[in-house]
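Residue strings, one per chain:
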Amino acid sequence: MAIKLVAIDLDGTLLTDEKQITDKTVAVIKQASQKGVKIVLCTGRPLTGVAEHLKKLGLAGSDQYVITYNGALVQTIEGHTIIRHTLNYNDYTDLEALSRKLRSHFHVETENHIYTANKNLSPYTIGESFYVRMGIRYRAVSEMPTSLKIPKGMFIDPPEKITALRHKIPQTFLDNYYFVQSEPYFLEVLNKSASKGNALRDLAKRLKLKPENLMAVGDQGNDLSMLKAVGTPVAMANAIPEAKQLATFITASNEEDGVAKAIQKFVLDL
């Protein structure tokens, strides 16, 4: 059955190490889009962090979609949220208290800002602010607006500390939240129902598409759920071993137009 939707991770997949999309990949994606195939960027970033890439790919309109915050939101490219699985204020206070117990930096992201109660900002929080194009707001826990809808929280520290921290999360938190390591220095925490895979399934159902109509391309732990959700799972050559084990095809790396080559093979039949 023909592939009608391609879900593509951003960092380490669509983007080169310099955070760019190559001209070849842009041309191939535009060709697939002109054929009527929906191109859905699936990322841990908010919509503000993908806007420039959507523009470069020529994707626009109320019938084009983006999966943001690792599946907490499914949005139209114009910014209308059609599916939402978010955290609330009580979740925030519990997770922030856990971060202090584990001695880890922690911040949360809303649709407009990054909030942190850490006076000593982590350089990773500053880097995240730059890449997602959102400002940072310092707020003591008592000053946090109680009405906030929070797509995700992030434990942020050097890779060796994040690796150790993953094994210290209490079971009650593992039972109540979805934890995923999106980068060596990010451990993200989301609503239990939020994942790229669940978001992709929800969107496919809305569009009346079956798994065999779907292809996904990814490289990291936060991509595993969407690779499991599709009929054609593709891993990058630079992907983690777990992603490669799920894939039916391993394409070239993000430095070698891996996304373009996969689309040419499975969508354009080139």
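Up top is the structure these notes are about.
Read on for an overview of the structure. If you're wondering where the values come from, they're calculated on a predicted model, not measured in any experiment.

Comments concerning the sheet that holds strand 13 (residues 232–235)
In any sheet, the strands associate via hydrogen bonds between backbone groups, in a parallel or an antiparallel arrangement.
So, step 1. Read from one edge to the other, the open sheet built from eight strands follows the order 5-4-3-2-1-12-13-14, with strand pairing classed as mixed. Where the open sheet ends on each side, the last strands, each with one partner, are strand 5 (81–84) and strand 14 (249–250).
So, step 2. Looking at chain direction, strand 13 and strand 14 are connected through two bridges and run parallel. Looking across to strand 14, one finds that Ala-235 is bridged to Ile-250.
So, step 3. Contacts from helix 11 (residues 258–266) reach strand 1 (5–9), strand 12 (214–218), strand 13 and strand 14 within the one sheet, and its direction differs from that of strand 12 by about 160°.

Let's talk about a negative patch on the surface
So, step 1. On the surface, Asp-17, Glu-18, Glu-255 and Glu-256 cluster together into a negatively charged patch.
So, step 2. Take Glu-18: it is sitting in the loop between helix 1 (10–14) and helix 2 (23–34).
So, step 3. Residue Glu-18 is classed as exposed on the basis of its relative accessible area, which comes to 63%.

Brief notes about the side chain of Asp-219
So, step 1. Residue placement: Asp-219 occurs in the loop between strand 12 and helix 9 (224–228).
So, step 2. With no salt bridge to any partner, buried Asp-219 finds its closest opposite charge in Lys-196, at an N-O distance of 6.7 Å.
So, step 3. Separated by 3.1 Å, the side chains of Asp-219 and Thr-13 make a polar contact.
So, step 4. At 3.5 Å, the side chain of Asp-219 forms a polar contact with the side chain of Gln-220.
So, step 5. If near-sequence neighbours (up to four positions away) are discounted, Asp-219 is found in contact with Asp-9, Asp-11, Gly-12, Thr-13, Met-236, Asn-238, Ala-239, Ile-240 and Ala-243.

Some thoughts on the pairing of strand 1
So, step 1. Most of strand 1 is tucked away, with five of its five residues classed as buried.
So, step 2. Judged by which residues are buried, strand 1 turns out to be covered on both faces: Leu-5, Ala-7 and Asp-9 on one side and Val-6 and Ile-8 on the other are all buried.
So, step 3. Bridge analysis of strand 1 against strand 2 (residues 38–42) gives five bridges, and the strand direction is parallel. Across the sheet, residue Ala-7 finds its bridge partner in strand 2, namely Val-40.
So, step 4. Where strand 1 meets strand 12, four bridges bridge the pair, whose relative direction is parallel. Bridged to Ile-8 within strand 12 is Val-217.

Analysis parameters
- Residues numbered from 1 in each chain as written.
- Predicted model: local features only at pLDDT ≥ 70, side-chain atom pairs only at ≥ 80, totals over all residues.
- Heavy atoms only, no water.
- Pairing = 2+ DSSP bridges.
- Helix = DSSP H or I, 4+ residues; strand = E, 2+ residues; numbered from the N terminus.
- Contact = heavy atoms within 4.5 Å.
- Axes fitted to C-alpha atoms, helices over the stretch in contact; angles between N-to-C directions.
- Patch = residues over 30% accessible without salt bridge, like charges linked within 9 Å, V, L, I, M, F, W, Y side chains within 5 Å.
- Areas by Shrake-Rupley, 256 points an atom, 1.4 Å probe, with all protein chains shown as cover.
- Salt bridge = Lys/Arg side-chain N within 4 Å of Asp/Glu carboxyl O.
- Lys, Arg positive; Asp, Glu negative; His and termini not counted.
- Charge placed at Lys NZ, Arg CZ, Asp CG, Glu CD.
- Buried < 20%, exposed > 50% of the residue type's maximum accessible area, 1.4 Å probe, protein only.
- Polar contact = N/O pair within 3.5 Å; in protein donor to acceptor, adjacent residues only side chain to side chain.

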